[in-house]
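Topology and contacts: notes
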Amino acid sequence: MTMTFFFETYGCQMNQAESASVERLLVELGWEPAPEAERADLVILNTCSVRITAETRVAGRIAHFAALKRQRSFTLLVMGCMAERLHEEFRAKFPAVDYVVGMFERNRFSDIFRSVAAGGEYEAVDETPVNSYWFAPSSYEAGAFQSFVPIMNGCNNFCTYCIVPYVRGREVSRGLPEILSEFDDLADRGVREVTLLGQNVNSYRWTDPESGTIVDFPGLLERIARRVEQKGKIRWIRFMSSHPKDFSDALIDTIARERVLCRFIHLPVQHGSNRILSDMNRKYAREDYLALVDRIRSRIPDATLSTDILVGFPGETEADLQDTLDLIETVAFDAAYMYHYNPREGTTAFSMPNRVPDAVKKERLDRVIKLQHKISAERMRSRVGSRLIVLVESFSRNDPDELFGHTEMGEMVVFAGKQDSALFGHFVLAELTGLRGRTFRAKIIKTELEANDALETDTLSGDSARDDLLHRV
Ligand code: SF4
């Protein structure tokens, strides 16, 4: 009998990538995905600890599965940051959970899956943690045109509000040969766009054991750019997250030079007040951040920027908030992920005095969101009428005749009228004709298929794929 599994993944893209890699292992072992958790032999919750609300949600889901277990038998496994944080406490607290797999115990997965499939008869489960982070061979999801490639794990920065360094541990960089061979594999599988993942990708640092050569993040990007040129399939590479203090001039030059690197840069500022930035242990001042933005824009004039904003940190005053609003207006970010502070047990900020009352946090966050939405909408409106490259992904959910895709910035684009599924996974040159909510309407000017001969032979370095396509059509 074929065994079935179901995943529920919470939190960041790193968790999504890790779920995809575990899913791939299950498929290799002969398992099949179940259409819903209620029908699976194995339910896996990949958890997040960043906010208490994420943990509360997981606790709620476990209660649901515990009730389900009273009606039928299945295995419940918990992995991810919450599993790492609570570990031994976890099974005591949630007896319905059969396996808790911490961040450094992923060597256990094969044994666990074999044991579950054998009805618990397979005994060789190795419970010894490997003591170092193990990068899964691939996070590729079957049929996808986009994929994640984790390049590092952990963080050494200890921002005072963040639990990540405590649950994911110190920074570990993945070996260059592994990363490059994953790129080859993804290109062979039809992937067109890759996001490099890490808590702080700019800290990437790998030493070649044979030559002793040190490869830093710009060096890694350059080597990836040369590698993808050889296959000519992957045309967009993005990365996240970047810590502003580590965003070097060498990295800016590399993005400017290597056209395969998306000009969409996520640069989390978190706050606009120097006093709060210092209390957050962010290790830069607003002046440093603004100077960095200037350097990026002068070297890469078509760069678009997004950020993270954290409102309501302990001790934040109205004047501090004004500094944040002022910074948002000064930079005019294209997009932002905005959230309010939630005390996180186990972090330094948890015991900081002068917590901002919830109602004040929410009111301040509303003001930040309102301002950023206005700026984002203005910036999007200003681009209507322009031409740009879109990666076509699927038919639109709202109208099955229309095509859906996204821009280099990740903005949604819909092509009106009856369209052809042959364009799935292809880049097209599009003219933006309108904006509905946060989705561009567009018409196709030329497809990659039409420009194929030329594009197949061009290189992605120096002159850009986008410029090539724009100029050819
Ligand atoms: S850089 Fe700061 S916010 Fe980001 S993962 Fe590290 S500690 Fe957390």
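Here's a quick rundown of the structure. Keep in mind the model is a prediction, meaning the values are calculated, not measured.

1. Re the overall build of the protein chain
Tallying secondary structure elements over the protein chain gives 15 helices and 20 strands in all. Computed over the C-alpha atoms, the radius of gyration of the protein chain is 23 Å, within 12% of the 23 Å expected from 2.2 N^0.38 for a compact globule of 473 residues. For the protein chain, the C-alpha atoms occupy an extent of roughly 65 × 55 × 55 Å along the three principal directions. Counting every position in the protein chain, which comprises 473 residues, the buried fraction comes to 41%.

2. Structural notes on the pairing of strand β4 (residues 75–80)
Along a regular strand, successive side chains alternate from one face of the sheet to the other. Most of β4 is tucked away: six of the six residues are buried. Residues Thr 75, Leu 77 and Met 79 of β4 are buried on one face, and the alternating residues Leu 76, Val 78 and Gly 80, pointing to the opposite face, are buried as well. In this fold, the crossover linking strand β3 (residues 42–47) to β4 by way of helix α2 (residues 52–69) has right-handed handedness. In this sheet, strand β5 (residues 99–101) lies alongside β4 in parallel orientation, the contact comprising three bridges. Within β5, the position partnered with Val 78 by the bridge is Val 100.

3. Points about the site of the ligand
Around the ligand lies a shell formed by Cys 155, Asn 157, Phe 158, Cys 159, Cys 162, Val 164, Pro 165, Gln 199, Asn 200 and His 243. Tallied by class, residues from the shell around the ligand come to six nonpolar, four polar and no charged.

4. A few points about the packing of helix α9 (residues 249–257) against helix α11 (residues 286–299)
Remark: α9 packs on α11, axes separated minimally by 10 Å, with the N-to-C direction vectors making an angle of 25°. One finds that α9 runs roughly parallel with respect to α11. Judged by the twist between their axes, the crossing of α9 over α11 is right-handed. Every residue of α11 that contacts α9 at Asp 249, Ile 252, Asp 253 and Ala 256 is listed here: Arg 295, Ile 296 and Arg 299. Looking at the contact of α9 with α11 residue by residue, the class counts come to three nonpolar, no polar and four charged.

5. Points about the pairing of strand β18 (residues 412–415)
The pairing of strand β17 (residues 403–407) with β18 spans four bridges and is classified as antiparallel. Directly across from Leu 403, in β18, lies its bridge partner Phe 415. Here β17 folds back onto β18 in antiparallel fashion, the turn holding four residues, of which Gly 410 has a positive phi close to 90°. By the bridge criterion, four bridges tie β18 to strand β20 (residues 439–447) in an arrangement that is parallel. Within the sheet, the bridge partner assigned to Val 413 lies in β20 and is Phe 440.

6. Let's talk about helix α12 (residues 318–331)
Here α12 is 14 residues long and its end C-alpha atoms lie 20 Å apart, about the 20 Å a rise of 1.5 Å per residue gives. Regarding α12, the residues found buried are Asp 320, Leu 321, Thr 324, Leu 327, Ile 328 and Val 331. For α12, the angular spread of buried residues about the axis comes to 115°, placing them on one side. Facing away from the buried side of α12 by over 90 degrees, the exposed positions are Glu 318 and Ala 319. Residues of α12 that are buried make contact with α10 (274–279), α11, β14 (304–311) and α13 (358–381). Just past α12, the residue Ala 332 takes up positive phi, approximately 55°.

7. A few points about the sheet that holds strand β1 (residues 4–9)
Pairing is parallel in the open sheet, where five strands are placed in the order β2-β1-β3-β4-β5. What marks the edges here is a single partner per strand, and that holds for β2 (32–33) and β5. Pairing of β1 with β2 involves two bridges; the strand directions are parallel. Opposite Thr 4, over in β2, you have Glu 32 as the bridge partner. Of the strands in this sheet, β1, β3 and β4 are in contact with α2, which crosses β3 at around 170°.

8. Some words on unusual backbone geometry
Note the cis peptide between Met 240 and Ser 241, where omega equals 0°. Of note, Ser 241 is situated in the loop between β12 (236–240) and α9. Residues other than glycine seldom take positive phi values, yet Phe 158 does so here, at roughly 50°. By the element assignment, Phe 158 lies in the loop between β7 (152–153) and α6 (164–168). Under the C-beta neighbour-count criterion, Phe 158 is labelled partly exposed, with 13 such atoms within 10 Å. Residue Asn 281 is not a glycine yet carries a positive backbone phi of 60°. Mapped onto the elements, Asn 281 comes out in the loop between α10 and α11. Residue class for Asn 281 comes out partly exposed when judged on the 14 C-beta atoms lying within 10 Å of it.

Conventions used here
Residues numbered from 1 in each chain as written. Predicted model: local features only at pLDDT ≥ 70, side-chain atom pairs only at ≥ 80, totals over all residues. Helix = DSSP H or I, 4+ residues; strand = E, 2+ residues; numbered from the N terminus. Rg over C-alpha atoms; globule rule 2.2 N^0.38 Å. Buried ≥ 20, exposed ≤ 12 C-beta atoms within 10 Å, placed from the backbone. Right-handed = clockwise from strand over helix to strand, strands pointing away. Pairing = 2+ DSSP bridges. Near = placed C-beta within 6 Å. Nonpolar A, V, L, I, M, F, W, Y, C, P; charged D, E, K, R; others polar. Axes fitted to C-alpha atoms, helices over the stretch in contact; angles between N-to-C directions. Parallel < 35°, antiparallel > 145°, perpendicular 65-115°, else oblique. Left-handed = near helix turned anticlockwise from the far one by under 90°. Contact = placed C-beta atoms within 7 Å. Expected span 1.5 Å × (residues − 1). Arc of directions from axis to C-beta.

All we've got here are geometric facts, nothing functional implied.
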